[in-house]
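Chains, contacts and geometry: an overview
In case you want the letters, here they are:
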Amino acid sequence: MGNKQTTFTDEQLEAYQDCTFFTRKEILRLHGRYRELAPHLVPLDYTNNPDIKVPLTLIITMPELKENPFRDRIVETFSEDGQGNLSFNDFVDMFSALCETSPRELKTIYAFKIYDFNRDNFICKEDMEKTLNKLTKGELTPEEVTLVCDKAIEEADLDGDNKLSFADFENMISKAPDFLSNFHIRI
Amino acid sequence: MPPKRKTQTAVKVEDVGMEVDAVADSGSEEEARRRSKNRRAKPQRRAKQVSDDEEDEEDDDEAQRKRGRKKKARPRDSDEDDEEDSRSVKSKGSKASRRKAAKEESDEESEEDRGKKKKGGRAVSKKEKEEQNQEKKGNGKGRGGKDKDGEKDKKKKNGRMSSSSGSESDEESMSEGEIAALKEQVEEKKKLIATLRNKPWRMKRRLVLLKEAQEFVEKFEGALGKGKGRRLYAFKVMMTKKLIKFKRDFENFKTACIPWERKIKEVESHFGSSVASYFIFLRWMYGLNLVLFGFMFGLVVLPEVLMGLPYGSIPRKTVPREEQPTAMDFSVLFDFGGYCKYSILFYGYYNNLRTIGLLQFRLPLSYLLVGVGIFGYSLMVVIRTMARNSNEGGDGAEEGEFTFSWKMFTSWDYLIGNPETADNKFASITTSFKESIVDEQENQKDENIHLRRFLRVLANVMILCCLGGSGYLIYFVVKRSQEFAEMKSEDLSWFEKNEVEFVMSLLGLVCPPLFETIAELEDYHPRIALKWQLGRIFALFLGNLYTFLFALFDEVTAKLESEKSIKNATEWALNEYYANYSSFFNTTDIPPPAVNPADVVRGPCWETGVGIEFVKLIVSDMQVTYLTILIGDFVRAVIVRFLNYCWCWDLEAGFPSYGEFDISGNVLGLVFNQGMIWMGAFYAPGLVGLNVLRLLCSMYYQCWAVMACNVPHERVFKASRSNNFYMGLLLLVLFLSLLPVVYTIMTLPPSFDCGPFSGQEKMYDVVMETIEQDLPSFIGNIFTYATNPGLIMPAVLLMVLAIYYLNAVSKGYQQANVDLKRKMQMARDEEKNRRNNKDSTNQVMKDLEDLLPNKSLIPPPTDEEPPPPDVVIEKGSKSPKTKPGAAGKGVNLQKDVSLAAPNPRGPVTRAPGPRGGPPGNARGPQPGPGRGRGRSDPRR
């Protein structure tokens, strides 16, 4: 890149391309988007890997995430500190996992983490209730919520511990027809 | 946890001495941090980690000594751990989970990795032990508190070896085995680089690993191979590197070339993935048509234009005298008469010269092959796309197995970025949940099933009537248009001339809503209703198209009749002319009759007629579609928007409202349009170009229309489980459009005075001719043999057998699949039972459980103490821990248990006081969950 300011060195771009599903152009665009979020915080020059994090409140203002009921969880899941502060690496990571070309297995793992609200490595009833309330904006009555959760667990829980482990979740998701088409964000 | 880590390392350094350099190694800084978190969270985990690391770097002879020391170090940690536990259960949980999830994957991977590495590494490391000993001091200090887990460590050793040995002499220090091992490692690393993006690791870690792996590969790739081979190898490596780079650049270029990415994304964020899928399909279609256009244009149209005879040189390329005055009129051109009819767009224009131009281009042959090749190519592409789609689509689940879970976890469309759409989505999800709940509560409320049945039958009868009526209407209209065609065109009104297309478009416009209204009677679930609707529209279109075709065939036969008489008349006139000429001038050297090409009597040229019909159909279809969008969407939206200020009810929320984007209708329209292109392309080569233009327009126009005047669906239903549904429709249409074309090519005689095949008996005679005249005779022989029924019959038989065989095989696979599923289910049931009542019912299994821990402790060698007391005490809770491994992932069993082993080992040396006997109960509620959590751990 011969223009006045280099954002990444070629090696960095290559490395990012090796580590994600993005092309060079997309990575640069991602950086643009990232910088847009906090122009005063994020430098244009990323050649020396500055350790900068953009907080959750800024990230979720992105139009891609703004309407997503799980936006907080998504950002938290991909942030290294679990609080939702994303470094550029995390940022790229997030959109790489959610992009169209990333494989089902990877998406399943991250989906599991996103839906696991209390981070206990199980999707338990509590998580499901939260998911459901977010999905329906709390328009189901508590009884209905309980019923749906019970039903969902009944369907998907194979080892009978009344919560979904990753294996259960994977088994269930791997057969879902809409998962791949719905669980992706285009940047 | 830097402090704790410090102490731990310190202890290790003291205890283990020089070997420590590997123990203390634990990934990068952040790796270390996470690991320490992990330790804090789960003692077992930590133990596992350590033992892993140990195994990696230890040489067998030192194992014993070190373990002893380790044990001393450990209790301190675990004390801290307990404190930690009680202090922050919550944060522990979260961190642990995150760490663990990351670990889950990497464990399996790196376990393998390490396993292999160990083999490779150890072979190497033994040899360089002496060296290492010398260097150790420096290295140990240098690297002391920092870097590297097992992998890295191995690499370091290797690196050291090769660098040191490299300085001495490479050839002697590397035996064959070492090279093989190294090679394996290099391959491993390469694989890691290739699959890195699929790993659920943090980006930082990925970057670090990538760098390491790359460095490693860089370093050792050159070292492989010897002498001469070495240079070659280096060259090869360089070339592969270049190739990879090129591939990536090419990939980048390719993605940059995909058009309308942003546009589609915009639509997607407003309307969700289902509407976007239409545009993606449209784009795909555009690409396909572009390729078809390339074939058609490059191999047929362009050669004729460049090398063929110019306009006006021969009758077929000239407008007849009687048509000439009106040939340039817009109304005539608009109907594709006049100059259009005698242009490159249509079949009739092409000359039947065997070869044209300097290159001896065989145009007729090329015409036929392209005409057939278009079908071949489309078939290939459609099937390939279908196969690719079917790979990624969700498969194998019976309908209704996971209704609620799917709704819960996969119904949100992450692409939605528009508040309104999001609101609709929320609403639709809520309704769908409510519906499911109702369904669940009372599976079928059957009030008056007879009435419903009656209504459904009634609806179907009505729709059948509609279909039949529309078919008859089309047939009637086409017949009438033939009558009109015999009349003078001046007497006909515009409507009468374009009746066929008009009626067909109108039917396509009116019938689907009619069907929808009728379908209200049936009261199906919306998803099922949509399927019915699609099926009916499909039937309508197909029926219309085929009626149209049959009517067209009638016309064609009529034209053939008239052509025959004209042909006879022409020949007779020609003979007369020759006879007269020779008798008059008394010579045999007769010049061709000096008639102006415009005055020559000519036949009706049915191929051009068919081509014109198709082109007209496409154009009118296009007009109707665009007008519908303009009026039905745009004008409506404008009215609703601006009249709303002065109207008595709320137009936006009430009756007219804004239009919704009709995905299924649009897709079907596109599919049928494509079908007509396929059919018509043979008779009108220009049709493909026209279609490319049309699709291009559609893309922009519909994108604009959908963004400007449509509102997101209130109830979003996926039309199908994958877009293979549309592809399937396309395939069907392709096949159906293949039939008439191939039929005409094979049976009907081409016109005698127009088109590339004039003068032939049948169109495919061109191929025969080429085979006979231009190819060596043996190929002709082969061809005759190949077309022999005696050979074709066995071939067909063979194919049938192959189909039968493949079918049987797939059935077998299905059976196996079912069996495996059942087995899994059984295993899970067993597990469930065990969980529920811990004393397994099965005595044999129980015995096995007792044996298992002992058995599996074998791998960590030699010095195993007998299972410590607290194992026995906690038997109840411990046994299930090993079981899941046994039941779920039999393969991992060994690992799991051996990983768990160090844990019991720890407390024993410390004397079973605080942790052992009495506290077994006293531990009470708090550690319970911790253990529960830990228990589930080793499974993954």
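An unreviewed UniProt entry lists chain B under the name Transmembrane channel-like protein, with Lates calcarifer as the source organism. In its Sequence similarities (unreviewed entry) section, the UniProt entry covering chain B states "Belongs to the TMC family." Here chain B is described in UniProt, under the heading Subcellular location (unreviewed entry), as follows: "Membrane".

If you check an unreviewed UniProt entry, chain A appears there as Calcium and integrin-binding family member 2 from Lates calcarifer.

Attention now goes to the state of the cysteines. Residue and element names in this part refer to chain B. Using the criterion set out here, one finds one disulfide over all chains in the structure. Disulfide partner of Cys605: Cys754, at an S-S distance of 1.8 Å. Linking Cys605 and Cys754, the disulfide has an S-S dihedral of approximately 95° and is accordingly described as right-handed. Of this pair, Cys605 sits in the loop between α22 (526-585) and α23 (606-643) while Cys754 sits in the loop between α26 (724-747) and α27 (765-774), and the two are 149 residues apart along the sequence. Exposure class is identical for Cys605 and Cys754. Each is buried.

A word on the interface of chain A and chain B. Listed by partner, the interface residues are 85 residues for chain A and 82 residues for chain B. Roughly 7500 Å² is buried in total at the junction of chain A and chain B, and carbon and sulfur atoms are behind 56% of that figure. On the chain A side of the interface with chain B, the three residues burying the most area are A:Glu80, A:Lys175 and A:Arg186, jointly 10% of the side's total. The salt bridge involving B:Arg248 is made with A:Glu14; its shortest N-O contact spans 3.0 Å. Linking chain A to chain B there are twelve residue pairs in polar contact (both at pLDDT 80 or more). A per-class count over the side of chain A that touches chain B returns 41 nonpolar, 18 polar and 26 charged.

A word on the UniProt feature "domain: EF-hand" (unreviewed entry) in chain A. All names here are of chain A. Feature annotation in UniProt places "domain: EF-hand" (unreviewed entry) on residues 103-138 and 144-179, given in this structure's numbering. Structurally, residues 103-138 is divided into 67% helix and 0% strand, and its ends, taken at the C-alpha atoms, are 32 Å apart. Segment residues 144-179 splits into 61% helix and 0% strand. End C-alpha atoms: 24 Å apart.

Further remarks concern the UniProt feature "transmembrane region" (unreviewed entry) in chain B. UniProt records the feature "transmembrane region" (unreviewed entry) at residues 284-309, 330-350, 365-383, 457-478, 533-553, 676-697, 725-746 and 782-806 of chain B, using the numbering of this structure. A distance of 30 Å separates the end C-alpha atoms of residues 533-553 of chain B, which is 100% helix and 0% strand.

Here the focus is the packing of aromatic side chains. All told, the structure shown has 51 aromatic pairs over all chains when counted by the stated rule. Consider the rings of B:Phe336 and B:Phe346, whose centres lie 6.4 Å apart with planes at 80°: the pair is edge-to-face. With a gap of ten residues between them, B:Phe336 in the loop between α14 (330-334) and α15 (338-341) and B:Phe346 in the loop between α15 and α16 (363-392) connect regions that are remote in the sequence. Residues B:Phe336 and B:Phe346 agree in their burial class; the two are buried. Summarising the aromatic geometry, the rings of B:Trp606 and B:Tyr683 are spaced 6.0 Å apart at their centres and angled 55° between planes, so their arrangement reads as tilted. Note that B:Trp606 is positioned in helix α23 and B:Tyr683 in the loop between α24 (663-681) and α25 (686-709), a separation of 77 residues in sequence. Note on accessibility: B:Trp606 and B:Tyr683 belong to one class, buried. Ring pairs connect the aromatic residues A:Phe70, A:Phe112, A:Tyr115, A:Phe166, A:Phe169, A:Phe179, A:Phe183, B:Phe409 and B:Tyr414, which therefore count as one cluster. Positioned over the ring face of A:Phe122 is A:Lys163, at 4.3 Å from the centre of the ring. Taking the ring centre of B:Phe642 as reference, the NZ or CZ of B:Arg641 above it sits at 5.7 Å.

Cut-offs and rules
Residues numbered from 1 in each chain as written. Chains lettered and ligands numbered in written order. Predicted model: local features only at pLDDT ≥ 70, side-chain atom pairs only at ≥ 80, totals over all residues. Heavy atoms only, no water. UniProt positions renumbered as here; feature names shortened; annotations may be inferred. Disulfide = S-S within 2.5 Å. Helix = DSSP H or I, 4+ residues; strand = E, 2+ residues; numbered from the N terminus. Buried < 20%, exposed > 50% of the residue type's maximum accessible area, 1.4 Å probe, protein only. Contact = heavy atoms within 4.5 Å. Buried area = accessible area lost by both parts, 1.4 Å probe. Salt bridge = Lys/Arg side-chain N within 4 Å of Asp/Glu carboxyl O. Polar contact = N/O pair within 3.5 Å; in protein donor to acceptor, adjacent residues only side chain to side chain. Nonpolar A, V, L, I, M, F, W, Y, C, P; charged D, E, K, R; others polar. Phe/Tyr/Trp six-rings, centres within 6.5 Å; stacked < 30°, edge-to-face > 60°. Lys NZ or Arg CZ within 6 Å of the ring centre and 35° of its normal.

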